[in-house]
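# Descriptive analysis of the structure
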Amino acid sequence: MSEDVRLVAWVRGRVQGVGFRWFTRAKALEIGGLSGFALNVADGRVQVVAEGSRERCDGLLDWLQDGDTPGHVDGVTEIWDTPRGGYDGFAIR
């Protein structure tokens, strides 16, 4: 059984104003078993917080880094942590 984790990722590039948060939520729902959110940051990045199994969070991270995302991703910085809970599904903020 896989232990749950928390992924916090900051995606940089042309990721605002292109539907990136919506597609990120759709991908998280497609993967299943993830909760969290996608949020535009004032500096032009998108912050993605996802909690769930390591395998599922890795799948979302792989998509953020190399998937068929809208816009253009220049890079992703991620931090792994223990889950904090408190999310109701996967939201766009």
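As the structure is a prediction and not an experimental result, all values here were calculated from the model.

## Comments concerning the packing of aromatic side chains
Evaluation of the coordinates by the stated rule reveals 3 aromatic pairs. We note Arg54 situated over the ring of Trp80; from NZ or CZ to the ring centre the distance is 3.7 Å. The lysine or arginine in question, Arg93, covers the ring of Phe37, its NZ or CZ lying 4.0 Å from the ring centre.

## Overview of the UniProt feature "active site" (unreviewed entry) in the protein chain
The UniProt record marks Arg21 and Asn40 with the feature "active site" (unreviewed entry), using the residue numbering of this structure. Across 20 residues, the annotated set stays spatially compact, with a maximum C-alpha separation of 7.7 Å. Structurally, the position occupied by Arg21 is in helix α1 (residues 20-31). Exposure remark for Arg21: the relative accessible area of 25% places this residue in the partly exposed category. By the secondary structure assignment, Asn40 is in strand β2 (residues 35-40). In this structure Asn40 comes out as partly exposed when scored by relative accessible area, which is 29%. When near neighbours in sequence (up to four residues on either side) are disregarded, Asn40 contacts Gln16, Arg21, Arg45, Val46 and Arg93. In terms of polar contacts, Asn40 uses its side chain to reach the side chain of Arg21, at 3.5 Å.

Rules behind the numbers
- Every chain begins its residue count from 1, and numbering advances along the sequence as written.
- Local features are withheld for residues below a pLDDT of 70 in this predicted model, meaning they are given only at 70 or higher, and side-chain atom pairs are given and counted only at 80 or more; totals for whole chains, interfaces and linings count all residues.
- Side-chain calculation: all heavy atoms of the structure are included, whereas hydrogens and water are not.
- Aromatic pairing here means that ring centres of Phe, Tyr or Trp (its six-membered ring) are within 6.5 Å. Orientation follows from the plane angle: under 30 degrees is stacked, over 60 is edge-to-face, and everything else is tilted.
- As a reminder, the over-ring test applies to NZ of lysine and CZ of arginine, requiring each to be within 6 Å of the ring centre and within 35 degrees of the ring normal.
- UniProt positions are given in the numbering used here, feature names are shortened, and annotations may be inferred rather than shown by experiment.
- The helix count covers DSSP runs of H or I at least four residues long, the strand count covers runs of E at least two residues long, and both are numbered beginning at the N terminus.
- Summary of the burial criterion: residues with accessible area below 20% of their type's maximum are buried, those above 50% are exposed, and those between are partly exposed, where the area comes from a 1.4 Å probe applied to protein chains only.
- Contacts are residue-level and defined by heavy atoms, with any inter-residue pair within 4.5 Å sufficient.
- Polar contact is the term for a pair of N or O atoms within 3.5 Å; when the atoms are in protein, one must be able to donate a hydrogen and the other to accept it, and sequence-neighboring residues count only if both atoms are side-chain atoms.

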